[in-house]
Amino acid sequence: MKKLLFISFVLLPLMVAAQENFIIQGELSPKKARAKVYLFLKREHGIWKNADSTEITDGRFSFKGSLTDPELAQLRMRHPGDEKIQPLGLKDMLEFYVEKGTIRIASADSINNATVTGSDVNRDKQQLTEATKVFKPFSKRISELFYMAKIKPEVANEQWFKSEAVTVMRGIKGREIT
């Protein structure tokens with residue numbers, strides 16, 4: 001029992017030290033009246049968890065918390081008159097990484113169009129997004145073709161489908177990441 005108690009006291013400071021504090025400060029213009037912002041964190045197995053929420057006051061909002069490692073996050077906004085928080089991928093939503101330090105989120109119109117500053121991970125994410133945006137239309141079309149074939153497998157044997165798939169692949173092959 002003494003060993004367990006001793007080990008607990010030795011490990012406790014290490015566990016506490018592993019927690020890193022973060023602050024998310026947001027500013028929206030024009031000022032949103034009575035809107036609410038929700039912070040979601042992506043947890044194990046890809047499940048999004050509503051971690052916190054706050055009211056927007058005079059166009060500003062903030063979140064504070066702690067974490068052990070950078071985590072993928074989403075801000076979702078509920079506007080006055082909305083029945084519920086907008087589901088993933090709809091309306092006013094921003095995906096970014098939360099990490100230690102102060103992260104600033106600013107936008108002239110909506111969270112969907114916001115910029116994220118004050119974070120090395122988010123700067124790297126933005127650079128990757130910019131470098132690979134040329135592939136986005138191809139990725140979208142490949143997904144459409146994949147789901148078309150998944151729903152109706154016989155379509156994959158049709159000539160137009162094969163021709164479209166080859167055209168998309170040729171388009172990708174001719175592109176480079178800059």
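Scoring rules and cut-offs
Residues numbered from 1 in each chain as written. Predicted model: local features only at pLDDT ≥ 70, side-chain atom pairs only at ≥ 80, totals over all residues. Heavy atoms only, no water. Helix = DSSP H or I, 4+ residues; strand = E, 2+ residues; numbered from the N terminus. Buried < 20%, exposed > 50% of the residue type's maximum accessible area, 1.4 Å probe, protein only. Contact = heavy atoms within 4.5 Å. Pairing = 2+ DSSP bridges. Axes fitted to C-alpha atoms, helices over the stretch in contact; angles between N-to-C directions. Expected span 1.5 Å × (residues − 1). Arc of directions from axis to C-beta. Core = buried A, V, L, I, M, F, W, Y, C linked by side-chain atoms within 4.5 Å. Phe/Tyr/Trp six-rings, centres within 6.5 Å; stacked < 30°, edge-to-face > 60°. Lys NZ or Arg CZ within 6 Å of the ring centre and 35° of its normal.

Digging into the side chain of Glu71
Move 1: Mapped onto the secondary structure, Glu71 falls in strand E5 (residues 71-78).
Move 2: For Glu71, a relative accessible area of 16% translates into the label buried.
Move 3: The residues contacting Glu71, other than those within four sequence positions of it, are Leu41, Lys42, Arg43, Phe96, Tyr97 and Val98.

Regarding the sheet that holds strand E7 (residues 101-107)
Either a parallel or an antiparallel arrangement is found when strands of a sheet pair, and the pairing is made through backbone hydrogen bonds.
Move 1: Taken in spatial order, the four strands of this open sheet run E4-E1-E7-E8, and their pairing is mixed. Single-partner strands in this sheet number two, and they are strand E4 (60-67) and strand E8 (115-117). Across the sheet, the axes of successive neighbouring strands diverge by a mean angle of 20°, strand direction being ignored.
Move 2: When strand E1 (residues 20-28) meets E4, the two strands line up antiparallel, connected through eight bridges. Bridge assignment links Asn21 to a residue of E4, and that residue is Ser66.

Focus on helix H3 (residues 136-151)
Move 1: Between its first and last C-alpha, H3 extends 23 Å over 16 residues, near the 22 Å set by a 1.5 Å rise per residue.
Move 2: By the burial criterion, the buried members of H3 are Phe138, Leu145 and Ala149. Taken end-on, H3 shows its buried residues confined to a sector of 35°, consistent with a single buried face. Counted as exposed and oriented over 90 degrees from the buried face of H3: Lys136, Pro137, Lys140, Lys150 and Ile151.
Move 3: Buried-residue contacts for H3 involve helix H4 (159-173).

Quick word on the nonpolar core
Move 1: By size, the foremost hydrophobic cluster in this structure holds 21 residues, and its most contacted members are Ile24, Val37, Leu39, Leu75, Phe96, Val98 and Ile105.
Move 2: Within the residue set of this core, elements represented by two or more residues are E1, strand E2 (36-42), E4, E5, strand E6 (93-98) and E7.
Move 3: With residues up to four places along the chain from it excluded, the contact list for Leu39 reads Phe22, Ile24, Lys49, Asn50, Ala51, Asp52, Phe63, Ala73, Gln74, Leu75 and Phe96.
Move 4: Residues Leu145, Ala149, Val155 and Val168 belong to the second largest nonpolar core, which totals six residues.

Observations concerning unusual backbone geometry
Move 1: Residue Asp58 is not a glycine yet carries a positive backbone phi of 55°.
Move 2: For Asp58, the position within the fold is in the loop between strand E3 (48-55) and E4.

With respect to the sheet that holds E5
Move 1: The four strands lie next to each other as E3-E2-E5-E6, forming an open sheet whose pairing is antiparallel. Unpaired on one side and paired on the other, E3 and E6 mark the two borders of the sheet. Direction aside, neighbouring strands of the sheet carry axes that sit 25° apart on average.
Move 2: Sheet analysis places E5 next to E6, joined by six bridges and oriented antiparallel. For Ala73, the partnering residue across the bridge sits in E6 and is Phe96.

Considering the packing of aromatic side chains
Move 1: Counted according to the given criterion, the structure contains three aromatic pairs.
Move 2: Between Phe61 and Phe63 the ring centres are 6.1 Å apart and the planes differ by 65°, which places this aromatic pair in the edge-to-face class.
Move 3: Given the relative accessible area of 4%, Phe61 is considered buried.
Move 4: Accessibility expressed as a relative area gives 2% for Phe63, which makes it buried.
Move 5: Across the ring face of Phe40, the terminal group of Arg76 is positioned such that the distance to the ring centre comes to 3.9 Å.

By themselves, these are just geometric observations and shouldn't be taken as functional.
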